[in-house]
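# Architecture and fold: a report
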Amino acid sequence: MNEILQGILKALELIITLNPEVIDITSRTVMISLSSTLLASLIAVPVGALIHFKQFKGKRAIIDIIQTLYSIPTVLVGLLVFLLISKSGPLGSLNLLFTPWGMILAQAILISPLITGFTITALKGVGDEIVDLARSLGATEYQALSTLVSEAKYGIMGAIILGFGRAISEVGIAIMIGGNIRGYTRVITSAMSLETSKGNLELSIALGIILLAVSLIINTLLNYFQEK
Amino acid sequence: MILKLQGISKVYDKRSVLEDINLKVKVDETLGIIGPTGSGKTTLLKIIDLLEEPTTGRIIFDGIDALSVPAFKIRRRIGMVFQETPILKRTVYDNVIYGPWIRGEKPQENEVKRVLELVGLLGYENKDAQRLSGGEKQRLALARALINGPELLLLDEPTSNLDPVSKKRIEDAIEELKGETSIIFTTHDLFQGQRLADRIAILQNKIMQIGRPSEIFRKPANNFVAKFVGVKNMIKGEAEMTKEGLTLIKSDKINIYSSKPAEGEVIATIRPEDITVSWGPRDSSALNQLKGKIIGVNEMGSLFQLQVECNDEMFAVYMTRKSFHDMNITIGSNVWIEFKASAVHIIQ
């Protein structure tokens, strides 16, 4: 018990004194997760909107598959991306393995279904009557659809934040694709895993506290947008 | 003529919602479309606003074949308020200026004030529109449609489920707009239709009758309209012309005369206020005199409605409170009722 308490106190000291390693790992983690969330959003939000607006055969089945992929294990995505970007894989020539870029790609793949699915839910929540309303007030088709997306913006932002939360807290991709290289691909989760196994609990706890704080910020933002 | 509908029909999944709708609305006229739930009122308004495509038929808006030009160009000249109106997640002001905004126009501040004042929402500009009450939201929807200066205003049951204050505000606004712009509104409230419209159309998937309210109430064109407008004293029978030029209607139970010419199967209707009650047959010009028995009395404010059974045929008769007390009528009293042949309206 005493050891845990000492660990927490030491961890707080590392945070308060802005320990260079803690700062380095944290900033890299945030940058990689933000980048992957941005990449995923650029693809998943329009795809979600397209699925919502278009009527086609198999729409329900596609939505079911997307929702199933919400809980895809990170190690499975890690394995898939590993096969894609390893030297002998189809994207091997891009040399993405064990780089932050590879991690960004893999995290984007992981969270895209989540953002797509929740974008569809957000648009559905606003309701197609908004489109009719906009049309009735003289909007062109493009303006009417833009109005619907604008009305669902808080829901879509919620979807993006949810995606960011999943990206920042995953560990499978960080280790399998990033390789946990110090000063290059080491992020909070992979660092915690390594430092705990080495017995360096203070650093692990400090990083854990930061990850919790990030989660708290994410949840606060989510609640804010959900109330809008 | 601001609007002409020619042979409009709408079929959803083999179910016919509208059949052969032909309608003309004059510039600055107020037309009330009245019909029960499921009669196609909302679909008709959505077709007029080009939000739904008709299965067949033509829509001529101000001389333009509306289905042959980009829909938004016509919609920009029409305003529509939905029954359950969606409100944009913006302030009241931003909701109102949505129309000018998508047209790339700068909203005129005095115009915003004018429409908000008309619906009683002046001072609400900076409020979150989502937090308004149901009635306020409906009034906002009306202001939002009016800011665009519509040449035709479509109102889909604009006062249904509203609080009395909001209902009155919207009705007052319609009254104020009457004659300034053309209006088509739907309602299932007959009295509202009668009060606000220049003409009313009774809709039950097709137009059962269209005309001035007084015409429809006094001379329903068919059984449906008669029942819908609450016509009492409907007697089904065979009509034949007499030598005197009158029409004799023979039902299974009674015979009555009408001054309206008709032959064959008909429904005769007599307004309750056109029937008088006496203790015995009178020497009067009324051709129809029937012996009956009072079997029910309902108090209706200053009037009494009597249920009189004449040879198994039921008649509703209105009497003033004074006449009722003067005659000292009670349930079970044997009385005579009389009405003129000219008071017998005939539905073929």
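Residues numbered from 1 in each chain as written. Chains lettered and ligands numbered in written order. Predicted model: local features only at pLDDT ≥ 70, side-chain atom pairs only at ≥ 80, totals over all residues. Heavy atoms only, no water.

Now for the overall build of chain A. Scanning chain A from N- to C-terminus turns up eleven helices and zero strands. Overall, chain A shows an N-to-C arrangement of helices and strands of α-α-α-α-α-α-α-α-α-α-α. Referenced to the eigenvectors of the C-alpha coordinate spread, the extents of chain A come out at roughly 65 × 45 × 25 Å. Counting the 228 residues in chain A, one finds 47% classified as buried. Partitioning the intrachain contacts of chain A with sequence separation of at least 6 by distance along the chain shows that 74% fall at a separation of at least 24. Looking at chain A as shown, the accessible area adds up to about 11,500 Å², and 70% of this sits on carbon and sulfur atoms. (Helix = DSSP H or I, 4+ residues; strand = E, 2+ residues; numbered from the N terminus. Buried < 20%, exposed > 50% of the residue type's maximum accessible area, 1.4 Å probe, protein only. Contact = heavy atoms within 4.5 Å. Areas by Shrake-Rupley, 256 points an atom, 1.4 Å probe, with all protein chains shown as cover.)

Attention now moves to the sheet that holds strand β8 (residues 182-187) of chain B. Residues and elements named next belong to chain B. The sheet built from six strands is open, its strands ordered β6-β7-β8-β3-β9-β10 with mixed pairing. Each edge of the open sheet is held by one strand with a lone partner, namely β6 (78-81) and β10 (206-211). For this sheet the average axis-to-axis angle between neighbouring strands, irrespective of direction, equals 15°. The pairing of strand β7 (residues 152-156) with β8 spans five bridges and is parallel. The partner of Leu 152 across the bridge, within β8, is Ser 182. Contacts between helix α1 (residues 41-48) and the sheet are confined to β3 (30-34), β6, β7, β8 and β9 (199-204), with β7 contributing the most and set at about 155° to the helix. (Pairing = 2+ DSSP bridges. Axes fitted to C-alpha atoms, helices over the stretch in contact; angles between N-to-C directions.)

Residues and elements named next belong to chain B. Reading across from one edge, β15-β19-β16-β17-β18 is the order of the five strands in this open sheet, with antiparallel pairing throughout. For this open sheet the edge positions go to β15 (276-278) and β18 (313-320), each flanked by a neighbour on one side alone. Sheet twist, expressed as the mean angle between neighbouring strand axes with direction ignored, is 45°. In terms of strand pairing, strand β16 (residues 288-300) meets strand β17 (residues 303-310) through seven bridges, oriented antiparallel. Bridge assignment links Ile 294 to a residue of β17, and that residue is Val 308.

Time to look at the packing of aromatic side chains. Aromatic ring pairs are reported here in terms of the distance separating the ring centres and the angle at which the planes meet. The final tally for this structure, using the stated rule, is five aromatic pairs over all chains. With a centroid separation of 5.2 Å and an interplanar angle of 25°, the aromatic rings of Tyr70(A) and Phe118(A) are classed as stacked. A residue pair is termed long-range when its members are at least 10 positions apart, and Tyr70(A) in the loop between α3 (59-68) and α4 (74-85) and Phe118(A) in helix α5 (residues 100-126) qualify at 48 residues. For Phe118(A), a relative accessible area of 30% translates into the label partly exposed. Cation over ring: Lys127(B) sits above Tyr124(B), and NZ or CZ is 4.4 Å from the ring centre. (Phe/Tyr/Trp six-rings, centres within 6.5 Å; stacked < 30°, edge-to-face > 60°. Lys NZ or Arg CZ within 6 Å of the ring centre and 35° of its normal.)

Turning next to the pairing of strand β12 (residues 247-250) of chain B. Residues and elements named next belong to chain B. Taken together, the four bridges between strand β11 (residues 234-241) and β12 define a ladder with antiparallel strand orientation. Bridge assignment links Glu 240 to a residue of β12, and that residue is Leu 248. Where β11 folds back onto β12 in an antiparallel hairpin, the turn is made up of five residues, including Gly 245, whose phi is positive at roughly 85°. The pairing of β12 with strand β13 (residues 255-258) spans four bridges and is antiparallel. Directly across from Thr 247, in β13, lies its bridge partner Ser 258. Taking the residues that link successive antiparallel strands as the turn, the β12-β13 hairpin has four residues.

Moving on to the nonpolar core. Counting 67 residues, the largest nonpolar core has Leu3(B), Leu5(B), Ile48(B), Leu152(B) and Ile184(B) as its most contacted members. Considering each element in turn, this core owes the most residues, ten residues, to α5(A). Counting 41 residues, the second largest nonpolar core, distinct from the first, contains Ile97(B), Leu177(B), Ile200(B) and Ile216(B). (Core = buried A, V, L, I, M, F, W, Y, C linked by side-chain atoms within 4.5 Å.)

Bringing the side chain of Glu170(A) into the picture now. Residues and elements named next belong to chain A. Summarising the element assignment, Glu 170 is placed in the loop between α8 (153-169) and α9 (172-178). Arg 166 provides the closest opposite charge to the buried, salt-bridge-free Glu 170, at an N-O distance of 7.6 Å. When sequence neighbours within four positions are dropped, the list of residues in contact with Glu 170 reads Thr 74, Gln 107, Leu 110 and Thr 189. (Lys, Arg positive; Asp, Glu negative; His and termini not counted. Salt bridge = Lys/Arg side-chain N within 4 Å of Asp/Glu carboxyl O.)

Many structure descriptions define interface size as the accessible area lost when the parts assemble. If you look at the interface, chain B gives 21 residues, while chain A gives 18 residues. Carbon and sulfur atoms supply 56% of the area that chain B and chain A bury against each other, a total of about 1,700 Å² over both sides. Run the count over chain B and chain A and you get two salt bridges. In this structure, the connection of chain B to chain A is made through seven residue pairs in polar contact (both at pLDDT 80 or more). Among the elements that line the side of chain B that touches chain A, the one with the most residues is helix α4 (residues 98-102) of chain B, at three residues. The class makeup of the residues in the side of chain B that touches chain A is eleven nonpolar, two polar and eight charged. (Buried area = accessible area lost by both parts, 1.4 Å probe. Polar contact = N/O pair within 3.5 Å; in protein donor to acceptor, adjacent residues only side chain to side chain. Nonpolar A, V, L, I, M, F, W, Y, C, P; charged D, E, K, R; others polar.)

Before going further, it helps to examine the pattern of salt bridges. Tallied over the full model, the rule gives 27 salt bridges over all chains. Note that Arg90(B) is salt-bridged to Glu151(A), the shortest N-O span being 3.5 Å. Here Glu151(A) lies in helix α7 (residues 141-151) and Arg90(B) lies in the loop between β6 and α3 (92-96), a pairing that spans two chains. Judged by its relative accessible area of 19%, Arg90(B) is buried. Glu151(A) gets classed as buried once you look at its relative accessible area, which sits at 3%. In this structure, the salt-bridge partner of Glu157(B) is Lys41(B), at a minimum N-O distance of 3.3 Å. With Glu157(B) in the loop between β7 and α7 (164-177) and Lys41(B) in helix α1, this residue pair connects regions lying 116 residues apart in the sequence. A relative accessible area of 8% places Glu157(B) in the buried class.

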